[in-house]
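# Summary of structural features
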Amino acid sequence: MQGGEPEAAAVDGALLCIDCGQLAWPASPAATPHRHDESTALARQPACTHCDHRSWIELGRDSAALALREDEELRADVRRRGARPMVARGMVGLVVGATLGLSFIGTLWGVAVVGGLAGLVAGLSNYRTATLHRGPPPTLPVRWSMALPPDAQQLEVRAGAARAVGDLLTAPLTGRRCVAYEVGVRHDDDRDAPLGTWALLEQRITAVEVDGRPVDPQTTHLQLPRARLGSTAEVELDDAARGYLQRRGLALAGSTFELYESVLEADERVELCVRADGEAGAALRCEAKHPVRVDGDRAPRVE
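Throughout what follows, the structure given in this document is the object of discussion. All of these numbers come straight from a predicted model, not from anything done at the bench. Within each chain, residue numbers correspond to sequence positions counted from 1 in written order. Residues qualify for local features only when their pLDDT is at least 70, as the model is predicted, and side-chain atom pairs are given and counted only at 80 or more; totals for whole chains, interfaces and linings, by contrast, use all residues. Water and hydrogen atoms were dropped before computing side-chain values, which therefore reflect all heavy atoms in the structure.

### Digging into the overall build of the chain
Operational definition: Strands here are runs of E lasting at least two residues and helices are runs of H or I lasting at least four, both read from the DSSP assignment and numbered beginning at the N terminus. Buried, partly exposed and exposed residues are distinguished by accessible area as a fraction of the type maximum, computed with a 1.4 Å probe on protein chains only: under 20%, between the cut-offs, and over 50%, respectively. Contacts between residues were defined by any pair of non-hydrogen atoms, one from each residue, lying within 4.5 Å. Values of accessible area rely on a 1.4 Å probe in the Shrake-Rupley scheme; residue burial ignores everything except the protein chains shown.
Per the secondary structure count, the chain includes 5 helices and 16 strands. Within the chain, buried positions represent 42% of all 303 residues. Long-range pairs, those at least 24 residues apart, make up 70% of the contacts in the chain between residues at least 6 apart in sequence. Entry remark: accessible area of the chain is about 16500 Å², with carbon and sulfur atoms responsible for 54%.

Okay, structure coming up:
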């Protein structure tokens, strides 16, 4: 911002609910960020359909996108190195305890007992401190746009070809034509990781039928094998793919991500899992010889 003027949006970016991470698109042209009076576009934006809050930020603005990326990169680093401070502190406690045991007891038995207890206390203290300062692990991606997995114990399964009854979709990163796709972005290559560790998970389904039953794109969760495309340093992306990522606050300059894109082709054999109690919510997955979990925590793996 210069001279008191609001920062202009670099791209026509998505809106992000800072309470739950769901993506949305502006209902009207963007205005000054972080103002909530009735004259701004953000004030006119409907509430988040997941958490019913109105805490929107505009990812088309470089400052908002940069702040979000810095926060998620820090959290990813904490996840990778979370055990190291505890181990280091435990080792220091062990050395100090061993020295005290040798000094005051004078036997190897004393070294083992006092050193072990000191290391244990130091480790537990570190664990307690870390637990008090961090909240519960996130259960949703930093950015997401998809129907969540059906919350039901009993699911009815219908198998058949995924017959398109609407226009085909174009997968954002590879341009493949399909009836459904999932795009995933994360900071490492753990495709089996829980939902809450992803930087982006976005799914789209066109109008499609399975065994004569229409699939509701708004309430159906895709469970496709997650296919890694490569890191942003390895994959050549065209302008459309780069724009797709940038509109979601994932500009490639200065960052390296792992990219995933899975597609469901027209007439591919699938299974549609719907709630047996008749409530909304379903899962769509590739037909398999053996049952596949539909709880969304883990996805089938593709090499």
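Structure shown, so let's carry the discussion forward.
### Let's talk about the nonpolar core
Our working definition: The term nonpolar core refers to a set of buried residues drawn from Ala, Val, Leu, Ile, Met, Phe, Trp, Tyr and Cys, joined through side-chain atoms within 4.5 Å.
Counting residues in each nonpolar core, the largest one holds 26 residues, and the members touching the most others are L173, Y181, V185, L200, L237, L245 and L259. For V185, the contacting residues outside a window of four places in its chain are W198, A199, L200, L245, L250, F257, E258 and L259. Judged by nonpolar contacts, the second largest core, of 16 residues, contains L222, L224, L264 and C286.

### Looking at the sheet that holds strand β1 (residues 15–17)
What counts here: The pairing criterion is simple: DSSP has to find at least two bridges between the two strands.
Taking strand neighbours across the sheet as the criterion, the 3 strands line up as β2-β1-β3 in an open arrangement whose pairing is antiparallel. Single-partner strands in this sheet number two, and they are β2 (23–24) and β3 (56–58). When β1 meets β2, the two strands line up antiparallel, connected through 2 bridges. Looking at β2, one finds that L15 is bridged to A24.

### Quick notes on the pairing of strand β9 (residues 200–205)
Most of β9 sits inside the fold, with 5 of its 6 residues counted as buried. Of the pairings in the sheet, the one linking strand β4 (residues 143–145) to β9 comprises 3 bridges and is parallel in character. Its bridge partner being in β9, S145 is matched across the sheet by E202. The pairing of strand β8 (residues 180–186) with β9 spans 6 bridges and is antiparallel. Across the sheet, the residue bridging to V183 is E202, located in β9.

### A few points about the side chain of R61
Here is the rule: The definition of a polar contact used here is a pair of N or O atoms within 3.5 Å, where within protein one atom must be able to donate a hydrogen and the other to accept one, and adjacent residues in sequence count solely through side-chain atom pairs.
Residue placement: R61 occurs in the loop between β3 and α2 (62–81). One polar contact links R61 to E58, side chain to side chain, over a distance of 2.9 Å.

### Here we look at unusual backbone geometry
Its identity is not glycine, yet D52 carries a phi of approximately 70 degrees, on the positive side. Of note, D52 is situated in the loop between α1 (41–44) and β3. For D267, which is not glycine, the phi dihedral falls at a positive 70 degrees. Positionally, D267 belongs in the loop between β14 (258–264) and β15 (269–275). Judged by relative accessible area, which is 53%, D267 ranks as exposed.

### Concerning the environment of Y244
Tracing the backbone through its elements, the reader meets Y244 in helix α5 (residues 239–246). Sequence separation between Y244 and G13 is 231 residues, and the spatial gap between their C-alpha atoms is 9.0 Å. Not counting the four nearest positions on each side in its chain, Y244 is found in contact with P172, L173, V183, L200 and E202.

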